[in-house]
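Structural features, examined
Listed here are the chains, written in short residue letters.
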Amino acid sequence: MCGILGIVAKTPVNQVLYDGLLLLQHRGQDAAGIATSQGHSFHMHKANGLVRDVFRTRNMRSLPGTTGIAHVRYPTAGNASNSEEAQPFYVNAPFGLLLAHNGNLINGAELKQEMFLRDRRHVNTDSDSEVLLNVLAHELQASSQAITPDPETVFGAVERLHQRVRGAYACVVQIAGLGLLAFRDPFGIRPLCYGTAETATGTDYLVASESAALEGLGFRLERDIAPGEAVLIDLDG
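Bear in mind that the values here come from a model prediction, so they are computed numbers and not experimental data. (Residues numbered from 1 in each chain as written. Predicted model: local features only at pLDDT ≥ 70, side-chain atom pairs only at ≥ 80, totals over all residues. Heavy atoms only, no water.)

Some remarks on the pattern of salt bridges
Applied cut-off: Any carboxyl oxygen of Asp or Glu within 4 Å of a side-chain nitrogen of Lys or Arg constitutes a salt bridge here. Every helix listed is a DSSP run of H or I at least four residues long, and every strand listed is a run of E at least two residues long, numbered separately from the N terminus. For the exposure calls, accessible area comes from a 1.4 Å probe over protein chains only, and a residue counts as buried if that area is under 20% of its type's maximum, exposed if over 50%, partly exposed in between.
Inspection of the entire model under this criterion finds 9 salt bridges. Across the pair Glu139 and Arg164 runs a salt bridge, and its minimum N-O distance is 2.9 Å. Taken together, the positions of Glu139 in helix α5 (residues 128-143) and Arg164 in helix α6 (residues 151-164) put the pair 25 residues apart, joining distant regions of the chain. Like Arg164, Glu139 is buried. Several salt bridges converge on common partners, so that one network encompasses Glu114, Glu139, Arg160 and Arg164.

Below you can see the structure in the form of structure tokens.
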């Protein structure tokens, strides 16, 4: 059990993501991470420990941007003491992707070998979340010819991911220059919902593992993300 957050807003999101992780701390106490996006640049800080210990003032200042994802980890796969397995995970190709994942893959070892032998991708940790990110990255790369993917390409990549990946997964993904992607496995084993907040500058969108995080941050729950569904929120909301 882990906690995940994703946000697209009109104002800086680092503090909202930090507060949201505190509200989800019960879902994982082993590691925490926040990644934000400013233009086409990603900024990330993650480490083992509780949220309050991982993030200091200097870390928060290094997380600018109005889009971001965040994660608290309860390790069920990989090495609990390895800080490299704290999330989010990042790959630079295609486009630049950051992923935070809650769940377990039952064919993670098989996919890791497949990544190397067939897709020519190297997975650096024992985390099945990094495997999941690389599957998504491969499917996006195989189907897109554009500099930035369009929604149809993104949804098609998620559909092909569903065909390859077996297990439980609820994910939030930042795609550089495009926005925030959120999706669940076809059986909806892990929870994921989203909400909105009206501000003076427009509508903010927040995806979270639990509606309690939405309510605690002043967002109105819109609905659960359905099993097998993918939702894409572009940078303009």
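What about the sheet that holds strand β1 (residues 3-8)?
Let me state the cut-off plainly: Think of it this way: DSSP has to see at least two bridges between two strands before they count as a pair. Lines are fitted to the C-alpha atoms to define the axes, a helix being fitted only along its stretch in contact, and any angle between axes, read from their N-to-C directions, falls within 0 to 180 degrees. The criterion used for residue contact is that any of the two residues' heavy atoms lie within 4.5 Å.
The strand order across the open sheet built from 7 strands is β3-β2-β4-β1-β10-β9-β11, with neighbouring strands paired in antiparallel fashion. With one partner strand each, in any of the chains shown, β3 (41-48) and β11 (220-224) form the two edges of the open sheet. Neighbour to neighbour, the strand axes of the sheet diverge by 15° on average, direction disregarded. Of the strands in this sheet, β1, β2 (31-38) and β4 (67-73) touch helix α1 (residues 14-23), which is tilted by about 160° from β2.

A few points about the side chain of His101
Quick note on the threshold: Definition of a polar contact: a pair of N or O atoms within 3.5 Å, with one able to donate and the other able to accept a hydrogen when the atoms are protein atoms, and with sequence-neighbouring residues admitted only if both atoms are side-chain atoms.
When you line up the elements, His101 lands in strand β6 (residues 97-105). A polar contact of 3.4 Å, which involves the side chain of His101, links it to the backbone oxygen of Ala168. Contact partners of His101, with chain neighbours within four places excluded, come to Cys2, Ile4, His71, Gln87, Asp128, Ser129, Leu132, Ala168, Tyr169, Ala170 and Cys171.

Thoughts on the sheet that holds strand β8 (residues 179-184)
Read across the sheet, 5 strands follow the order β5-β6-β7-β8-β12 without closing on themselves; strand pairing throughout is antiparallel. Of all strands in the sheet, those with a lone pairing partner are β5 (89-91) and β12 (230-234), marking the two edges. Across this sheet, the average inter-strand angle for adjacent strands is 20°, counted without regard to direction. Set on the sheet, α6 makes contact with β7 (167-175), β8 and β12; between it and β8 the angle comes to about 30°.

A look at the pairing of β6
Here β6 lies mainly inside the structure; 8 of its 9 residues are buried. The pairing of β5 with β6 spans 3 bridges and is classified as antiparallel. Bridge assignment links Val91 to a residue of β6, and that residue is Leu97. When β6 meets β7, the two strands line up antiparallel, connected through 9 bridges.

Looking at the environment of Leu5
Relative to the helices and strands, Leu5 resides in strand β1. For Leu5 and Val207, which are 202 residues apart along the polypeptide, the C-alpha to C-alpha distance reads 5.5 Å. Excluding its chain neighbours within four sequence positions, the residues that come into contact with Leu5 are Leu17, Gly20, Leu21, Leu24, Gly68, Ile69, Ala70, Val172, Leu206, Val207, Ala208 and Ala213.

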